[in-house]
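Chain by chain, the residues:
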Amino acid sequence: MATQDVFSAEELSRLRGFPEINRAELVRYFTLTGADEAFVRRFRMGRNVLGVAVQLCTLPWLGFVPDEVPTAPAAVVGRLSQQLGIAMGELRGYGEREQTRTDHLREVAGYAGWRSMGTAEWKDLDEFLFARAMEHDSPKLLFRLACEYLLSSRVIRPGVILLLRRVAAARARARTQTWARVRHLLTDRRCAELDLLLVPDANLGRTPLAWLGVGPSSSSPAAVRAELEKLAYLRRLDAHTLDLSMLPAERRRFLAGVGRRLTGQALQRREPERRYPILLTLLAQSAVDVLDETLLLFDQAISGREAAAEQKVAAALAERAKGGENRQALLDEILTIVLDTGIGDEQVGTLLRTSVGLDRMRAAWAERRERLPRDHGQLSMMDASMSYLRQFAPAVLAAVRFAGGPGTEQLLQAVSLLAGLYATGARKVPAGAPVGFVPATWAGYLVAAEQAGDVTAYRRYWELAVLVGLRDGLRSGDVFVPGSRRYADPASFLLTPEAWAPQRVEFCHLVGKPVEAVDALAQADEELHIALADLESQLAKGDPGEVRLTDDGELIIPPLTAEDVPAEADAVRAELAGVLPRVPIASVLVEVDARTGFTDHLVHAGGKVNRPAELKRNLLYVLIAEATNMGLSAMAESCGVPYDMLAWTAEWYFRPETLEAANAAVVNYHHRLPFTQAFGAGTLSSSDGQRFPVKGRSITARHLSRYVPRGQGDSTCTHVSDQHSTVDPKVIVATAPEAHYVLDGLLGNATDLPVSEHATDTHGATLANFALFDLVGKQLSPRIRDLGKITLYRTGPNADVLARYPRAGGLLTRRLNTDLITSTWDDLLRVAASVQGGHATAALVVGKLCSSKRQQNALTSAIKEYGALRRTVYAARYLADETYRRRISRQLNKGENLHALRRCLAYAGEGALRRHHEQQTEQMWCRTLVTNAIVCWSTEYHSLAAGALRRDGRQVDDEVLARLHHPT
C-alpha cells in the first residue's frame, strides 16, 4: 500500500492542521488553570507566552500540535488572549524558528505529562495496530484508531506519513498472521476442494461458490430442497466442522465479505496466502447461513399452510353462520316460551308444538350439524396440506439435529420418532408415542382417531402436531439447533454468570440501576407513587375535557385536540418556502457531501484505498438509482456512465456497514447545526413500520392487500429522531412483530444523537420492551390504544393503595409479584447487559426468550412482571400529563412525515424493493441516506432564510420555528 494513496492532498492538509472547534471543546480544552498560566508566563515574551499556551491546550485536544501554530482558530486565540491579557496579534510572529517551537513543545509535554514517540512507544503502537488490523482492514479506520490510542496514552502523535507506514505494516502483518493461523487446516485435499469452488460446474451452470451465494426467493418445497442440497454439499466438505475461532470475528466477517464480492476468476488470481483464508471463511459462514435459511424456509412453509387453513376455517365459519340464521330464530322463539315463568311446565310442550310448530322443529333437527372441535376444524383443514409438507419435512428432519431445554423432552422424542418413520416408510405411529406436547385444542383429534381405530388419521394428526410444535419451538428458542446462528440456544447469546460477575457493578452504575433488587423495587415504588399522586390530582379535577373517571369508575381518556398553530408560524413557513432554491436531488447530494464528506465512508470492500477522480460521481449515481428505485440500468442510460461501471461500484462500495457510516456522517453534521435545536435536542426518537411492494417473490414478502393491492410487500422499520433524522432502517418480514426491533435501533445507534427516550404506537408497547428499555437506562413512551383497558399493577395491598389514592388507586387491579422480581433480579440485569453489550439482540430476547411457552421459565415471567411494573408507572405519568401526551404524539407525527418523503423518493417501479433480503437492506440504507441528506440540506437553507428575515428586521422566534413541520 502506498501511504500517499490513503488520503487525498486535501485530507492530508486537514490532518496536519487545526480543525474547526465547537463551543464545548473550546471551553473544555482552552481554559487555563492557575498553574497553567504560571507555566506559560515563564516564557516572558508575549508571542512566546501566547504560542506556548496554544500548544499546551492543543495537545490534549488533538494529541499533537500543528506546525503552523499561528493558524489556530480565531476563537482559540481570542479565548487565550483574553485570559492572558495579551493581544491576539502577538501570535503572528511565533514559531518563525522551527527549533524554538519544538523546544517549547518539549517543555509543554514535560509539564503536561505527555511523551514523545520512542522505541517503547512505537512497539506498543505496533502491537495495538496489529490487534486492530486483525479485526479491521480499512487503513483510514486504523489510522483513526491509532490516533485515539495515542491520545488516550498521552503520547504525541507522529507525522501522518510515519503513522500510515505503521498502519500499512500492521495490515501486512495481519494478512501474514491470518495465513499462519489457518495454515494447519489447509491440507492438500482441502486446498484442492477449495479450488474446485472456483471452477464452473456443468450441472450447476455456474461455480459452486456462486451457487452457494444465491439465496432463496420463496418458501416452496423446491426452495427447501435446494437449500438442503447446499447443506449436504457443504457437509461433504466438512464446512460445518471448520473451527476458525483462532481468527477474530471481525476478521472472518471482512474476509467473507471480500469473498462474496470477488468473482471466481479474481479469487483464482489471488496468491494462495490470501485466497485460501478467504475461501475458508466463506465456507464456514456458508455452512451456518445455509442451515439458518433451511430452518427459516421450513418455518415459513409450515406457516403458509397454517395461514391457508385459518382462512379456510374463517370462510367455513362464516358460511356456517349464514346457514344457522333460521335455527337461531327458532331458538329465540323456543327460549321466549321456556323462560317465561308465567307459563306452567305442563303448558310448555303444548305451546312449543302449536305456537312454534312441530314441522319447523323437525326441519331444524334434520339440518343439525356435527359439533365443531375446539379449534373449529383448523387441524383437519391442514390435513389437506399433508402431501405438500411431506415434500420437504422428511429431508429436513433427516438433515438437522435438534436439541432443547427443560420441558421439550416429549417434543424432541416425537421429532426423532417421526424422522424414523420417514426414513423407514412406516405408516403407523407406534404405541406409546409421546403426545404430551400436543396442544389441548388438538388433543381431541387424536382421541377420536384412536377410539375409531383409524391409524391413518391418527398418524396424520400426530405428524402435523409434531411439525407445528417443532416450528413453534424453534421460534421461541425452546428448541434449538447446534451449529445455527439464528436458531441457537438463547442462553448462548447471554453473558455467562462467570463473565457477568465482574461487570455487574459497572453496568448498574452505567444504566443507573441499583445492584440489589430491594433497592430497585424501592426506587420503582417511589416513581409509581409520584406518578399516582399526579394522576390523583388530575382525576380530582373532574374536568370533562381531560382524563377523568365516570360515576361508575370508568376511565375516560379524551382524544387530544388539534394544537393551535399561531398564524405567525403559517406566515413564516410560507416565507421560508418562498425563498428556498429548487434544485435537483443530485445537487443536494453534492452540497451535503461537500459539507459532511459522507462519500468518504463508502469504502472498497477489499480495503483498497486508491479513489479515482470519477469514483465520487459514480457513488452518487448509484445512490440516487437505489434510493429512487430507478435501478442501475435506467441510471446508466440517463447519466451516460456504463452499466458495468455502476454495477461494479455498487458491488464493492455499497454495504450496510459503509452506508451506515455515511448516514452517521450526515446525521452528526445535521445534529450540530444550531437551527436543528429548534426541532429538538436529539434525545427523543420514534419508530414505525412502512410497507413497500416487492418485485417478484421474496422470503420476507407477504400479501398485504391493505398496503399493496397487487402482489406482495415488505415491511421496513425505521427510527426517527426529534430532529427529523432517520437511523437504523431494518427490512423485516411483513407480518413480523415490529416490537422485536424497537430497542435494537436505539442500542445500535452509531450517530452522535443522545437518544434516551423512544416513542412507538401500540405495536411497541410489549411488557418485555418496557422491562428491557428500563433495564438498559432508556425510557419507552408509547401511544397505547385503549390504554384505559390494560391491566395496571400495584406494589402493595389494595386497601393501602385505595386509602392513599381514592380515585387513581382503583385503576390498579392486580398486585405485583415482587418476590419473582427479587429472586431473578440478577438474571434480569444479566439479560440487559447482554443486550446492551451486543452479545444478544433485543429482537432475539423479545422474540425468543419472552415468547417461550415453558411454564417453568421464571426469567420469562420475571421480565414480563417487571415490564408490567414499568408500564404502570408510565401509564400513570401519561394519563396525568397532557403535555407529555402531546409530546409523544408530535414525535410520532414526525415519523409519518418522513414516511411520506421516503414514499416520494421511491417514485420508480412503484417503489418496489428487490427480492433478496441483502439487496433490500442496502436499498433501504440508500433511501435513508438520501432522506437524511434532503433533511440536512433543507435545515441549512431554512436557517439561512430565517437569518435573512431577521437581518431584514423580521422578528422570528425560536418557539415559532419549533412549531414548523420540517419541510420534507
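Here the residue numbers are simple positions, counted from 1 along each chain's written sequence. Thresholds applied to this predicted model are a pLDDT of at least 70 for local features of residues and 80 or more for the giving and counting of side-chain atom pairs; totals over whole chains, interfaces and linings are not thresholded and use all residues. Side-chain metrics rest on all non-hydrogen atoms present in the structure, leaving aside hydrogens and water.

Q: Just to check I follow, could you spell out the overall build of the protein for this structure?
A: Helix and strand content of the protein: 41 helices and 11 strands. Residue burial in the protein is summarised as follows: out of 968 residues, 50% are buried. Contact definition: two residues touch when any of their heavy atoms are within 4.5 Å. In the protein, once contacts between residues fewer than 6 apart in sequence are set aside, the share between residues at least 24 apart is 74%. Accessibility throughout is a Shrake-Rupley quantity obtained with a 1.4 Å probe, and a residue counts as covered only by protein chains that appear here. A total accessible area of about 45,300 Å² is found for the protein, and carbon and sulfur atoms account for 51% of it. In this charge count, Lys and Arg are treated as positive and Asp and Glu as negative; neither His nor the chain ends contribute. To locate a charge, take atom NZ for lysine, CZ for arginine, CG for aspartate or CD for glutamate. One finds the centroid of the 116 positive side-chain charges in the protein at a distance of 4 Å from the centroid of its 113 negative side-chain charges. Only DSSP runs of H or I reaching four residues or more are called helices, and only runs of E reaching two or more are called strands; each is numbered from the N terminus. In this scheme, a residue with accessible area under 20% of its type's maximum is buried, one over 50% is exposed, and one in between is partly exposed, where area comes from a 1.4 Å probe on protein chains only.

Q: Help me understand the pattern of salt bridges, please; the structure alone is not making it clear to me.
A: Two side chains with opposite charge may pair up if their charged atoms get near one another. Here a salt bridge means any side-chain nitrogen of Lys or Arg lying within 4 Å of a carboxyl oxygen belonging to Asp or Glu. Per the counting criterion, the structure on display carries 36 salt bridges. A salt bridge links Arg275 to Asp195; its shortest N-O distance comes to 3.5 Å. Separated by 80 residues along the polypeptide, Arg275 in helix H15 (residues 272-323) and Asp195 in helix H10 (residues 188-196) bring together distant segments of the chain. Take Asp195: its relative accessible area is 27%, and that puts it in the partly exposed class. Where Arg459 meets Glu463, a salt bridge forms, and the shortest distance between an N and an O atom there is 2.9 Å. A residue pair is termed a helical-turn pair when its members lie 3 or 4 positions apart in one helix, as Arg459 and Glu463 do in helix H23 (residues 455-476) at four residues. The exposure class assigned to Glu463 is buried, which follows from its relative accessible area of 0%. Salt bridges linked by common partners bring Lys513, Glu527, Asp774 and Arg870 together as one network.

Q: Could you clarify how one ought to interpret helix H31 (residues 643-653) in this entry?
A: Note on helix geometry: an α-helix contains 3.6 residues per turn, so any two residues three or four positions apart are oriented the same way. For H31, every residue scored as buried is listed here: Leu646, Thr649, Ala650, Trp652 and Tyr653. Tucked into the core, H31 has its buried residues touching helix H13 (249-261), helix H29 (615-628), helix H30 (632-639) and helix H32 (656-672).

Q: What's the story with the packing of aromatic side chains in this structure? I'm lost.
A: What characterises a pair of aromatic rings is the spacing of the ring centres plus the angle enclosed by the ring planes. The rule is short: rings of Phe, Tyr and Trp, with Trp giving its six-membered ring, pair when the centres are within 6.5 Å, and they are stacked under 30 degrees, edge-to-face over 60, tilted in between. Within the structure shown, the criterion is met by 17 aromatic pairs. Both rings, one in Tyr445 and one in Tyr461, keep their centres 5.0 Å apart while their planes meet at 55 degrees; by these two values the pair is tilted. With Tyr445 in helix H22 (residues 440-452) and Tyr461 in helix H23, this pair connects stretches of sequence that are 16 residues apart. Here Tyr445 matches Tyr461 in class, with each residue buried. Ring geometry for Tyr874 versus Tyr884: centroids 6.1 Å apart, planes at 75 degrees, classification edge-to-face. Here Tyr874, found in helix H38 (residues 858-880), pairs with Tyr884, found in helix H39 (residues 882-905); they are 10 residues apart in sequence, far enough to count as distant. The structure contains a cluster of three or more aromatic residues connected by ring pairs, namely Phe770, Tyr874, Tyr878 and Tyr884. Sitting above the plane of the Phe64 ring, Arg157 keeps its charged end 3.8 Å from the centroid. Between Arg885 and the ring centre of Tyr878, over which it is positioned, the NZ or CZ distance is 6.0 Å. Only when the NZ of Lys or the CZ of Arg is both within 6 Å of the ring centre and within 35 degrees of the ring normal is a charge said to sit over the ring.

Q: Is there a simple way to explain helix H6 (residues 98-112) in this structure?
A: For H6, with 15 residues, the first-to-last C-alpha span of 21 Å sits near the 21 Å given by 1.5 Å per residue. All of the buried residues along H6 are Arg101, His104, Leu105, Val108 and Ala109. The arc enclosing the buried residues of H6, seen along the axis, measures out at 140 degrees, which places them on a common side. In H6, the exposed positions that point more than 90 degrees away from the buried face belong to Arg106 and Gly110. Backbone geometry just downstream of H6 places Gly113 in the positive-phi region, at approximately 85 degrees. A helix is expected to reach a length of 1.5 Å times the quantity of its residues less one. As used here, the arc is the angular range of directions from the helix axis to the C-beta atoms.

Q: Where do I start with the pairing of strand E11 (residues 812-815) in this structure?
A: Successive side chains on a regular strand alternate, one facing one side of the sheet and the next facing the other. What makes two strands pair is DSSP finding at least two bridges between them. Sheet topology note: the strand E10 (residues 792-794)/E11 ladder contains three bridges and is parallel. Bridge pairing links Tyr793 to Arg814 in E11. Note on the crossover from E10 through helix H35 (residues 798-804) to E11: the handedness is right-handed. With strands facing away from the observer, any crossover in which the path from the first strand over the helix to the second runs clockwise is taken as right-handed.

Q: Got a minute to help me understand the nonpolar core in this structure?
A: In a soluble, globular protein the nonpolar side chains are often hidden away together inside. Ranked by internal contacts, the top residues of the largest apolar core, which has 161 residues, are Phe392, Phe402, Trp462, Leu467 and Phe598. Once residues within four sequence positions are removed from consideration, Phe392 is found in contact with Pro221, Val224, Phe298, Ala301 and Ile302. Counting 77 residues, the second-largest nonpolar core is a separate cluster that includes Phe507, Ala759, Phe773 and Leu811. Only buried residues count toward a nonpolar core, which is a set of Ala, Val, Leu, Ile, Met, Phe, Trp, Tyr and Cys residues joined through side-chain atoms within 4.5 Å.

Q: How should I be thinking about the state of the cysteines in this particular structure?
A: Think of a disulfide as a covalent bridge from one cysteine sulfur atom to another cysteine sulfur atom. Only a pair of cysteine sulfur atoms within 2.5 Å counts as a disulfide in this structure description. One pass over the structure, following the stated rule, counts zero disulfides. Its sulfur unpaired, Cys639 is 15 Å from the next cysteine sulfur, which belongs to Cys926.

Q: What exactly am I supposed to notice about a nonpolar patch on the surface here?
A: The residues that make up patches have over 30% relative accessible area and no salt bridge, and they are joined within 9 Å when like-charged or within 5 Å when they are Val, Leu, Ile, Met, Phe, Trp or Tyr. A surface patch of nonpolar side chains, amounting to about 360 Å² of accessible area, comprises Leu331, Leu335, Val338 and Leu339. With a relative accessible area of 44%, Val338 lands in the partly exposed category.

Q: Whenever I open this one, the side chain of Thr658 confuses me. Can you help?
A: Relative to the helices and strands, Thr658 resides in helix H32. Non-local contacts of Thr658, meaning those with residues more than four positions away in its chain, are made with His601, Leu602, Val603 and Tyr653.

Q: What exactly am I supposed to notice about the packing of helix H28 (residues 585-596) against H32 here?
A: To describe two helices that pack against each other, one gives the angle between their axes and the distance between the axes. Contact geometry for H28 and H32: axes closest at 10 Å, N-to-C directions at 80 degrees. Of the possible angle classes, the one that applies to H28 and H32 is roughly perpendicular. Packed against H28, whose contacting residues are Val592, Arg595 and Thr596, the element H32 presents Ala665, Val666 and Tyr669 at the interface. Axis definition: a line fit to C-alpha positions, over the contact stretch in the case of helices; interaxial angles, taken between N-to-C directions, run 0 to 180 degrees. For classification purposes, angles smaller than 35 degrees are called roughly parallel, those larger than 145 roughly antiparallel, those between 65 and 115 roughly perpendicular, and all remaining angles oblique.

Q: How should I be thinking about the packing of H22 against H23 in this particular structure?
A: Contact geometry for H22 and H23: axes closest at 8 Å, N-to-C directions at 155 degrees. As the angle between them shows, H22 and H23 are arranged roughly antiparallel. As for the relative orientation of H22 and H23, their crossing is left-handed in sense. The segment H22 lies against H23, with Trp442, Tyr445, Leu446, Ala449 and Glu450 engaging Ala457, Tyr458, Tyr461, Trp462, Leu464, Ala465 and Val468. Per-class residue counts for the contact of H22 with H23 are 11 nonpolar, no polar and one charged. It is the rotation of the near helix from the far one that decides the hand of a crossing: anticlockwise by less than a right angle makes it left-handed, clockwise makes it right-handed. As a working rule, the residues Ala, Val, Leu, Ile, Met, Phe, Trp, Tyr, Cys and Pro are called nonpolar, Asp, Glu, Lys and Arg charged, and the rest polar, with Gly in that last group.

Q: What's the story with the side chain of Glu757 in this structure? I'm lost.
A: Its place among the elements puts Glu757 in strand E8 (residues 757-759). Polar contact criterion, stated in full: a pair of N or O atoms within 3.5 Å, where within protein one must be able to donate a hydrogen and the other to accept it, and residues adjacent in sequence count only if both atoms are side-chain atoms. At 3.4 Å, the side chain of Glu757 forms a polar contact with the side chain of Tyr884. Ignoring any residue separated from it by four or fewer positions in sequence, one finds Glu757 in contact with Thr683, Leu684, Ser685, Gln779, Ser781, Tyr884 and Arg887.

Q: Help me out: how do you make sense of the environment of Asp722 in this one?
A: Tracing the sequence through the fold places Asp722 in the loop between strand E6 (713-721) and strand E7 (726-732). Sequence separation between Asp722 and Leu898 is 176 residues; the distance between their C-alpha atoms is 11 Å. Leaving out residues up to four positions away in the same chain, Asp722 has contacts with Phe679, Gly680, Ala681, Gly682, Thr683, Leu684, Gln891 and Lys894. At 2.8 Å, the side chain of Asp722 forms a polar contact with the backbone nitrogen of Gly682.

Q: Please clarify how the environment of Arg173 should be interpreted in this entry.
A: Its location among the elements puts Arg173 in helix H9 (residues 160-182). Relative accessible area serves as the criterion here: at 34%, Arg173 is assigned to the partly exposed category. Arg173 has contacts with Asp126, Glu127 and Phe130, leaving out every residue within four places of it along the chain.

Q: Looking at this model, I keep getting lost on the confidence of the model for the protein. Mind explaining?
A: Low-confidence regions, as indicated by low pLDDT, have predicted coordinates that should not be scrutinised in detail. Each residue carries a pLDDT score, the predictor's own confidence in it, on a scale running from 0 to 100. Across the protein, pLDDT averages 86, with 93% of residues at or above 70. Mean pLDDT in the protein bottoms out at helix H41 (residues 958-963), which sits at 64, and peaks at helix H20 (residues 393-399), which reaches 95.

Q: Looking at this model, I keep getting lost on the environment of Arg101. Mind explaining?
A: Take Arg101: it is sitting in helix H6. Separated by 113 residues in sequence, Arg101 and Val214 have C-alpha atoms that sit 61 Å apart. Sequence-distant contacts of Arg101, that is, excluding residues within four places in its chain, are made with Gln55, Asp67, Val69, Tyr94 and Gly95.

Q: Got a minute to help me understand unusual backbone geometry in this structure?
A: Negative phi is the rule for most residues except glycine; trans is the rule for most peptide bonds. Positive phi, close to 65 degrees, is recorded for Arg44, a residue that is not glycine. In this fold, Arg44 is placed in the loop between helix H3 (34-40) and helix H4 (46-62). Given a relative accessible area of 76%, Arg44 falls into the exposed group. Despite not being glycine, Asp728 shows a phi value in the positive range, around 55 degrees. Tracing the sequence through the fold places Asp728 in strand E7. Take Asp728: its relative accessible area is 11%, and that puts it in the buried class.

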